Amino acid sequence: MASCGNLHTLAVTKAGTLWAWGLGEHGALGHNDDNTRLVPTQVEAQHFGDAKIVSATAGHAHSAAVTEHGGLYTWGTGTRVESDDGEVEVPWGLGHGDGETKSVPTRLAPALLLGMRVGRCYGLPPLHA
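Everything numeric in this text was worked out from a predicted model, so none of it was measured.

S.K.: Give a description of the sheet that holds strand β7 (residues 72–76) that names residues and reports values.
M.R.: One open sheet accounts for four strands, arranged β5-β6-β7-β10; its pairing is antiparallel. The open sheet has two edge strands with one neighbour each: β5 (53–58) and β10 (102–107). Strand after strand, the sheet turns through a mean of 15° between neighbouring axes, direction not considered. Here β5 runs beside strand β6 (residues 62–67); their pairing, made up of five bridges, is antiparallel. Bridge assignment links A58 to a residue of β6, and that residue is S63.

S.K.: Report on the pattern of salt bridges, specifying residues and quantitative values.
M.R.: Counted according to the given criterion, the structure contains three salt bridges. Here the salt bridges do not stand alone but share partners, grouping D98, E100 and K102 into one network.

S.K.: Tell me what's going on with the environment of H8, and back it up with residues and numbers.
M.R.: Within the fold, H8 resides in strand β2 (residues 8–12). By relative accessible area, which is 3% here, H8 ends up buried. For H8 and S63, which are 55 residues apart along the polypeptide, the C-alpha to C-alpha distance reads 9.2 Å. Those residues in contact with H8 that sit more than four places away from it in its chain are S3, W21, G22, L23, A28, L29, A58, G59, H60, H62 and S63.

S.K.: Now, about the pairing of β6: what can you tell me, with residues and values included?
M.R.: Among the six residues of β6, five are classified as buried, and the element is accordingly described as predominantly covered. Adjacent in sequence and paired antiparallel, β5 and β6 are bridged by three residues. Pairing analysis gives five bridges linking β6 to β7, with the strands arranged antiparallel. When the sheet's bridge partners are listed, H62 is paired in β7 with G76. Taken together, β6 and the strand that follows it, β7, pair antiparallel across an intervening segment of four residues, in which G70 is found at a positive phi of about 90°.

S.K.: Could you give an account of unusual backbone geometry, with specific residues and numbers?
M.R.: Among all residues save glycine, negative phi is the norm, and among peptide bonds the norm is trans. Of note, N32 is a non-glycine position whose phi angle comes to about 65°, a positive value. We note that D50 has phi near 60°; this positive angle belongs to a residue other than glycine. One can find D50 in the loop between β4 (37–42) and β5.

S.K.: Describe the nonpolar core, listing the residues and the values that go with them.
M.R.: The biggest cluster of nonpolar side chains holds 13 residues, and the ones touching the most others in it are L10, L18, F48, I53, A56, A65 and W75. Put simply, the parts of the chain that give this core at least two residues each are β2, β3 (18–22), β5 and β7. Looking at which element gives the most residues to this core, the answer is β5, with three residues. Residues in contact with L18, not counting those within four places in the same chain, are L10, A11, V12, T41, Q42, V43, F48, I53, A56 and W75. Formed by five residues, the second largest nonpolar core is a distinct cluster that contains V54, V66, L72 and L108.

S.K.: Let's hear about the sheet that holds β3: which residues, and what values?
M.R.: Strand order in this open sheet of four strands is β1-β2-β3-β4, and the pairing throughout is antiparallel. This sheet does not close on itself; its edge strands, each paired only once, are β1 (2–4) and β4. Sheet twist, expressed as the average angle between the axes of neighbouring strands with direction ignored, equals 15°. Examined bridge by bridge, β2 and β3 share five bridges and lie antiparallel to one another. Bridge assignment links H8 to a residue of β3, and that residue is G22.

Rules and cut-offs
- Residues numbered from 1 in each chain as written.
- Predicted model: local features only at pLDDT ≥ 70, side-chain atom pairs only at ≥ 80, totals over all residues.
- Heavy atoms only, no water.
- Pairing = 2+ DSSP bridges.
- Helix = DSSP H or I, 4+ residues; strand = E, 2+ residues; numbered from the N terminus.
- Axes fitted to C-alpha atoms, helices over the stretch in contact; angles between N-to-C directions.
- Salt bridge = Lys/Arg side-chain N within 4 Å of Asp/Glu carboxyl O.
- Buried < 20%, exposed > 50% of the residue type's maximum accessible area, 1.4 Å probe, protein only.
- Contact = heavy atoms within 4.5 Å.
- Core = buried A, V, L, I, M, F, W, Y, C linked by side-chain atoms within 4.5 Å.

On their own, these measurements won't tell you what the molecule is for.
What follows is the structure, given as C-alpha cells:
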C-alpha cells in the first residue's frame, strides 16, 4: 500500500517494511534527517521496535504508521507558523502533546490514546435474516 502526502510518499511492503521518499523537510520521511530522497529508502525497523508495519499515511509535512501489534507512530513537523512574521507557532498534530518535531518514528504513549484501539479495519459480517 502507498500513501502520497503533500511532497512525500510512503509505501508498506507485504513483508511489513516501510519505505519513504520525497521532500525530507522537518523529518517527514523518518530517516533522522531533513534530506530529500529521490528514490524509496527503507525507514529503519528499529524505530518501530522491529515490528511489522501494517498501515501508513503521509500528511502535509508529517507521517504516521501502525504496527502489527497496534502501536501508533508519528513523525515530522510538530508545529506550524500561523503568522506572516513567523512569531506564532501552533501544534501541528503529531499527538505527543509536546508540539515538537520528530525526525524518526516515535510511538504515541498508550495513555495519550485515551483507550482508543488502533489497528487494521475489517469488514463487518453480513447481516443475518
